[in-house]
Amino acid sequence: MDDFLEEPSAIPAPSLPSENAHDEEEQSSGDEDGGPDWTKLPSALNRPVIPKRGEKEFEPSSAGGSGLQQHVLDRARSAMFDALRATRTTSSKSISYGIWYPDLARVSVTVARGIHFTAMGHSVPRPIHTNEGIEKTQKRLEILPEEAIYLVERGAMFCWKESSVATSGTPIDGIGGSPMSVEQAFAEMIGTEDLTLEKYQVFSYLKRLGYAVTRANPPTPSYPIPPPLLTRKSSSYFAKFLSFFPRWFSRISMLFKRKMDWWQPVRFGNWLYHDKSYGSLFTSLRFLPSGHRIPLKASDANLPSSPYKIFYNLYKPSTPFRKTAPPPPDFSVVVVNARTTPMPSLQELASLFDVLPEIPPPLPRQRRPIQDPGASGKSLPTPTPKVELPWHRKLFSWAWPAAAAPAQPPPRKPHPFMALKAGKKTIVVAVVDSGSVGFFRFGEGAFAEWPMA
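Analysis parameters
Residues numbered from 1 in each chain as written. Predicted model: local features only at pLDDT ≥ 70, side-chain atom pairs only at ≥ 80, totals over all residues. Heavy atoms only, no water. Axes fitted to C-alpha atoms, helices over the stretch in contact; angles between N-to-C directions. Helix = DSSP H or I, 4+ residues; strand = E, 2+ residues; numbered from the N terminus. Parallel < 35°, antiparallel > 145°, perpendicular 65-115°, else oblique. Left-handed = near helix turned anticlockwise from the far one by under 90°. Contact = heavy atoms within 4.5 Å. Nonpolar A, V, L, I, M, F, W, Y, C, P; charged D, E, K, R; others polar. Buried < 20%, exposed > 50% of the residue type's maximum accessible area, 1.4 Å probe, protein only. Pairing = 2+ DSSP bridges. Polar contact = N/O pair within 3.5 Å; in protein donor to acceptor, adjacent residues only side chain to side chain. Core = buried A, V, L, I, M, F, W, Y, C linked by side-chain atoms within 4.5 Å. Salt bridge = Lys/Arg side-chain N within 4 Å of Asp/Glu carboxyl O. Phe/Tyr/Trp six-rings, centres within 6.5 Å; stacked < 30°, edge-to-face > 60°. Lys NZ or Arg CZ within 6 Å of the ring centre and 35° of its normal. Patch = residues over 30% accessible without salt bridge, like charges linked within 9 Å, V, L, I, M, F, W, Y side chains within 5 Å. Areas by Shrake-Rupley, 256 points an atom, 1.4 Å probe, with all protein chains shown as cover.

Enquirer: Explain the packing of helix 3 (residues 145–153) against helix 5 (residues 197–208) residue by residue, including any values.
Expert: Closest axis-to-axis distance for the helix 3/helix 5 pair is 10 Å, and the angle between their directions is 60°. On the basis of the axis angle, helix 3 is oblique to helix 5. Relative to helix 5, the crossing made by helix 3 is right-handed. Touching E146, E147, I149, Y150 and E153 of helix 3 are Y200, F203, S204, K207 and R208, all from helix 5. Residue composition of the contact of helix 3 with helix 5, by class: four nonpolar, one polar and five charged.

Enquirer: Tell me about the pairing of strand 10 (residues 425–433), and name the residues and values.
Expert: For strand 10, the buried fraction is high: eight of the nine residues fall into the buried class. Sheet topology note: the strand 9 (residues 331–337)/strand 10 ladder contains five bridges and is parallel. Directly across from V335, in strand 10, lies its bridge partner A430. Where strand 10 lies against strand 11 (residues 436–444), nine bridges are found, and the strand directions are antiparallel. Looking at the pairing, V432 lines up with V437 of strand 11. Taking the residues between adjacent antiparallel strands as the criterion, strand 10 and strand 11 are bridged by two residues, where S434 takes a positive phi near 55°.

Enquirer: I'd like a description of the environment of D74, backed by residues and values.
Expert: Looking at the secondary structure, you find D74 in helix 2 (residues 67–84). At 2.9 Å, the side chain of D74 forms a polar contact with the side chain of R77.

Enquirer: Before we move on, can you summarise the nonpolar core with the specific residues and values?
Expert: It is characteristic of soluble globular proteins that their nonpolar side chains tend to be buried jointly. Formed by 31 residues in total, the largest nonpolar core has its most connected members in V107, I143, L151, M189 and Y312. If you list the elements that add at least two residues to this core, you get strand 2 (106–111), helix 3, strand 5 (157–162), helix 4 (182–189), helix 5, strand 8 (310–315), strand 9 and strand 10. If you tally residues by element for this core, the top one is helix 3, at five residues. By size, the runner-up hydrophobic cluster in this structure holds 12 residues, among which are A216, I310, V336 and L352.

Enquirer: Outline the pattern of salt bridges, listing residues and values.
Expert: Under the definition given, this model contains nine salt bridges. The salt bridge involving R85 is made with D82; its shortest N-O contact spans 2.8 Å. The partner of R339 in a salt bridge is D433, with the nearest N and O atoms 2.5 Å apart. Here R339, found in the loop between strand 9 and helix 9 (346–354), pairs with D433, found in strand 10; they are 94 residues apart in sequence, far enough to count as distant. Among the charged side chains, a network of salt bridges with common partners joins R126, R140 and E142.

Enquirer: Summarise the packing of aromatic side chains; cite the residues concerned and give the values.
Expert: Throughout the structure, instances matching the rule amount to nine aromatic pairs. A ring pair is formed by F203 and Y312, whose centres lie 6.0 Å apart and whose planes are at 40°; its orientation type is tilted. A residue pair is termed long-range when its members are at least 10 positions apart, and F203 in helix 5 and Y312 in strand 8 qualify at 109 residues. Taken together, the ring pairs connect Y150, F203, F311 and Y312 into an aromatic cluster. The residue whose ring lies beneath R140 is Y101, and the NZ or CZ to ring-centre distance is 4.8 Å. The residue whose ring lies beneath K199 is F311, and the NZ or CZ to ring-centre distance is 3.9 Å.

Enquirer: Talk me through the environment of A216; I want residue IDs and the actual numbers.
Expert: Within the secondary structure layout, A216 lies in the loop between strand 7 (212–215) and helix 6 (237–242). Excluding anything up to four places from it in sequence, A216 contacts I310, F311, Y312 and N313.

Enquirer: Before we move on, could you go through the pairing of strand 7 and cite the residues and values that matter?
Expert: Side chains A212 and T214 project from strand 7 onto one buried face, and the interleaved V213 and R215 project onto a second face that is buried too. With four bridges joining them, strand 7 and strand 8 adopt antiparallel strand pairing. Within the sheet, the bridge partner assigned to T214 lies in strand 8 and is N313.

Enquirer: Quick rundown of the sheet that holds strand 4 (residues 135–143)? Include the residues and the values.
Expert: Taken in spatial order, the six strands of this open sheet run 3-4-2-1-5-6, and their pairing is mixed. If you trace the sheet from one side to the other, it starts and ends with strand 3 (122–129) and strand 6 (177–179), each paired once. Here the strands of the sheet are splayed against their neighbours by 45° on average, with no regard to which way each runs. As defined by bridge partners, strand 5 adjoins strand 6 across three bridges and the pair is classed as antiparallel. Within strand 6, the position partnered with K161 by the bridge is S178. Across the face of the sheet, helix 4 comes into contact with strand 1 (96–101), strand 2, strand 5 and strand 6 while running at roughly 55° to strand 5.

Enquirer: Which residues make up a nonpolar patch on the surface, and what values do they have?
Expert: A surface patch of nonpolar side chains, about 590 Å² in accessible area, is lined by W391, L395, F396 and W398. Relative to the elements of secondary structure, W391 occurs in helix 10 (residues 391–395).

Enquirer: Go over the side chain of S96, please, and point to the residues and values.
Expert: Here S96 is to be found in strand 1. Of the residues examined, S96 reaches a relative accessible area of 0% and is grouped as buried. At 3.0 Å, the side chain of S96 and the backbone nitrogen of R113 are in polar contact. Setting aside chain neighbours within four positions, we find S96 in contact with V111, A112, R113, F117, A156, M157 and F158.

As structure tokens, then:
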């Protein structure tokens, strides 16, 4: 290495452009291991721009880098601080205004602009006093604390705090308030309405991905909720008949039941084995009860309340969503802190699955015949014209036999392995570890309903 390059004030000589410079730049921008090259940003930034990632200059060493390496790091660090120090700007035509009411733990939106409120906010009737002193009820748009922080943080809403002292610049005439910064919004809104920092981080992460996120438990009666979940119950007549008998009937039946022989679990003799199918033979070998209908062992009642509770309802971006009448959620999300919450126990997972509906098995894939690209010129079959029946056949239709309907192929059964993979019920657990959000899906299997033999 040359000595003049060791000086911190030296500038490396510019490299000659090569033919593969464009390809190398695209490859380096997609490299996740390298850090962003902040030096490529212009000095006078009108608005902050996320830079592309560059190549890693050198590997870290215990002895420390050279003078050139330290100079490159200092220059990149100063460029990063200059980019982060830039003033965030937004258009006044797309900004919304709201007032934070600490007593209600709500933000009343006075001016709603943008597309954010298509999936955020709800209408709440609130009493107001007119100039004549008459109290009447008026509906207004309110948003939850996590929705308000999300809009304030991304620069889509100006938020004022309710105050009895009138100040200039208040968005509504007659209501005083003081403007709130992003730091003040975090300090005052986090901790209200069961909102923690981990739950807000999950909310903001999902909203940036395009999902519609709502509360699972309505904080107020005016909050719109999806229709109640329908759990699948047994509707057989035999099960209803047995429900009339007390529990002691099952205990008496156990006295007359044949004792299980572990060496001969099959009750029939050897001469009946050839007449029985494999399915019935394996069914007789199942001497242990299985399935999720069997109640678990009761846990200790003195244990603290479980942190695994459904907090958010999640809707895919492709799901038609109306905030006034939300449909059943696509996913139910539980938010926990990885530093303070252990792994869920079997009783905690069972209590989560008890409140969820059963998911139907996935439909089999439709195998459509491959069409020949050269056969596009063939004429399509003409539809059969509808024959108009005379009036006497319409009046006395029972006297003429009905025409046989064309035979339809039998419906295809669902694939057992796909049904086992999807499960009957599913729950999503969002684990937050010091700001890093990870999602884990737990499913209730259906192995008892899908025997492999």
